[in-house]
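Given next are the chains, with one letter for each unit.
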Amino acid sequence: EYIYNEQPIIKRRKKIMGIIKTIVFYLALIIIIPIFILSMINRFQGNVTMLNKNGMMVVASGSMSKRNSSNGYLDTENLNNQFNTYDIIFIEKVDKVSKIEKYDVIAYIDDNGTNVIHRIIGIEIINGEVRYTTRGDSNNTNDAYKPRFEDVVGVYTDKKIGVVGVFILFFQSYPGIITIISLFYCLIM
């Protein structure tokens with residue numbers, strides 16, 4: 001075994017494998033640390049990360065993932081900007097009611113404090129204030145809550161990153177936080 005390990009080709013192979021392992025390890029850290037930081041920021045900001053007027057959200061449900069055949073307006077208006085669960089979508093904060101139009105996809109906070117990302121299918125004025133009727137593209141019924149302009153977090157910009165949100169949601173959870181802390185503890189040790 002000693003003679004085998006002392007051969008120049010074996011030494012070179014072990015050295016190359018050591019370098020590859022180190023590179024892979026640091027690349028993993030370079031990816032995991034920013035995602036963890038982003039997930040913590042997202043958690044403390046109510047699952048919306050805003051920077052000036054632009055922001056991003058992780059999609060937590062499939063209500064906008066496919067086109068329900070009962071939503072005929074999707075075909076007539078050629079609305080093909082659906083997104084899947086665990087996608088990260090980019091939103092833009094609007095400062096005027098006039099900038100939000102029918103069939104825009106908006107992110108809003110409902111009366112229970114929950115973030116909702118659905119399409120506007122109707123705009124009406126109730127008691128002197130603008131209210132939006134919303135529905136997920138996969139749903140066949142309207143949302144019970146009609147958000148006001150003040151409830152709107154942002155309008156979907158048709159930009160998204162697929163699947164990465166699953167990591168952000170995991171790192172926001174207690175098992176994810178424990179995993180990261182354990183990883184750092186192992187690295188220090």
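Read on for an overview of the structure.

## Concerning the pattern of salt bridges
Piece 1. Under the defined criterion, the tally for this structure stands at 8 salt bridges.
Piece 2. Via salt bridges that share partners, Lys53, Asp95 and Lys99 belong to a single interconnected network.

## Here's the deal with a nonpolar patch on the surface
Piece 1. A cluster of nonpolar side chains, contributed by Phe25, Tyr26, Ile33, Ile37, Ile41, Phe184 and Leu187, occupies part of the molecular surface with about 590 Å² of accessible area.
Piece 2. Broken down by element, the nonpolar patch gets its largest block of residues, 5 residues, from helix H2 (residues 8-44).

## Some details on the environment of asparagine 142
Piece 1. Note that asparagine 142 resides in the loop between strand E6 (129-135) and strand E7 (152-161).
Piece 2. Considered as a pair, asparagine 142 and arginine 13 are 129 residues apart in the sequence and their alpha carbons are 63 Å apart.

## Remarks on unusual backbone geometry
Piece 1. For asparagine 47, which is not a glycine, the phi torsion comes out positive at approximately 65 degrees.
Piece 2. Structurally, asparagine 47 is set in the loop between H2 and strand E1 (48-51).
Piece 3. Not every positive phi belongs to a glycine, and valine 163 is a case in point at roughly 65 degrees.
Piece 4. The topology assignment puts valine 163 in the loop between E7 and helix H4 (165-172).

## Digging into the sheet that holds strand E2 (residues 54-58)
Piece 1. Taking strand neighbours across the sheet as the criterion, the 7 strands line up as E1-E2-E3-E7-E4-E5-E6 in an open arrangement whose pairing is antiparallel. The outermost strands of the open sheet, each flanked by one partner alone, are E1 and E6. Averaged over neighbouring strand pairs, the angle between their axes works out to 45 degrees when direction is ignored.
Piece 2. Strands in contact with H2 are E1 and E2; relative to E1, the strand with the most contacts, it is inclined by about 100 degrees.
Piece 3. Lying on the sheet, H4 is in contact with E2 and strand E3 (88-92); it crosses E2 at an angle near 80 degrees.

## So, the nonpolar core
Piece 1. Core analysis: the largest hydrophobic core is formed by 12 residues, namely Val48, Met57, Val59, Met64, Phe83, Ile89, Ile91, Val105, Ala107, Ile117, Val153 and Tyr156.
Piece 2. For this core, the elements supplying multiple residues, two or more each, are E3, strand E4 (105-109) and E7.
Piece 3. Ignoring any residue separated from it by four or fewer positions in sequence, one finds alanine 107 in contact with Met57, Ile91, Val116, Ile117, Asp151, Val152, Val153 and Gly154.
Piece 4. Among the nonpolar cores identified, the runner-up in size contains 11 residues, and Val94, Ile100, Tyr132 and Phe149 belong to it.

## Notes on the packing of aromatic side chains
Piece 1. Under the defined criterion, the tally for this structure stands at 6 aromatic pairs.
Piece 2. Summarising the aromatic geometry, the rings of phenylalanine 170 and phenylalanine 171 are spaced 5.6 Å apart at their centres and angled 50 degrees between planes, so their arrangement reads as tilted.
Piece 3. Ring pairs connect the aromatic residues Phe36, Phe170 and Phe171, which therefore count as one cluster.
Piece 4. When the ring centre of tyrosine 174 is taken as origin, the NZ or CZ atom of arginine 43, which lies over that ring, is 5.0 Å away.

## Points about the pairing of E4
Piece 1. Counting buried residues in E4 gives 4 out of 5 residues, a clear majority hidden from the surface.
Piece 2. Where E4 meets strand E5 (residues 115-126), 5 bridges bridge the pair, whose relative direction is antiparallel. Opposite isoleucine 106, over in E5, you have histidine 118 as the bridge partner.
Piece 3. With antiparallel pairing between neighbouring strands as the criterion, E4 and E5 make up a hairpin whose turn holds 5 residues, including glycine 113 at a positive phi of roughly 85 degrees.
Piece 4. Direction of pairing for E4 relative to E7: antiparallel, over a ladder of 3 bridges. Bridge pairing in E7 links isoleucine 106 to valine 155.

Conventions adopted
- Residues numbered from 1 in each chain as written.
- Predicted model: local features only at pLDDT ≥ 70, side-chain atom pairs only at ≥ 80, totals over all residues.
- Heavy atoms only, no water.
- Salt bridge = Lys/Arg side-chain N within 4 Å of Asp/Glu carboxyl O.
- Patch = residues over 30% accessible without salt bridge, like charges linked within 9 Å, V, L, I, M, F, W, Y side chains within 5 Å.
- Areas by Shrake-Rupley, 256 points an atom, 1.4 Å probe, with all protein chains shown as cover.
- Helix = DSSP H or I, 4+ residues; strand = E, 2+ residues; numbered from the N terminus.
- Pairing = 2+ DSSP bridges.
- Axes fitted to C-alpha atoms, helices over the stretch in contact; angles between N-to-C directions.
- Contact = heavy atoms within 4.5 Å.
- Core = buried A, V, L, I, M, F, W, Y, C linked by side-chain atoms within 4.5 Å.
- Buried < 20%, exposed > 50% of the residue type's maximum accessible area, 1.4 Å probe, protein only.
- Phe/Tyr/Trp six-rings, centres within 6.5 Å; stacked < 30°, edge-to-face > 60°.
- Lys NZ or Arg CZ within 6 Å of the ring centre and 35° of its normal.

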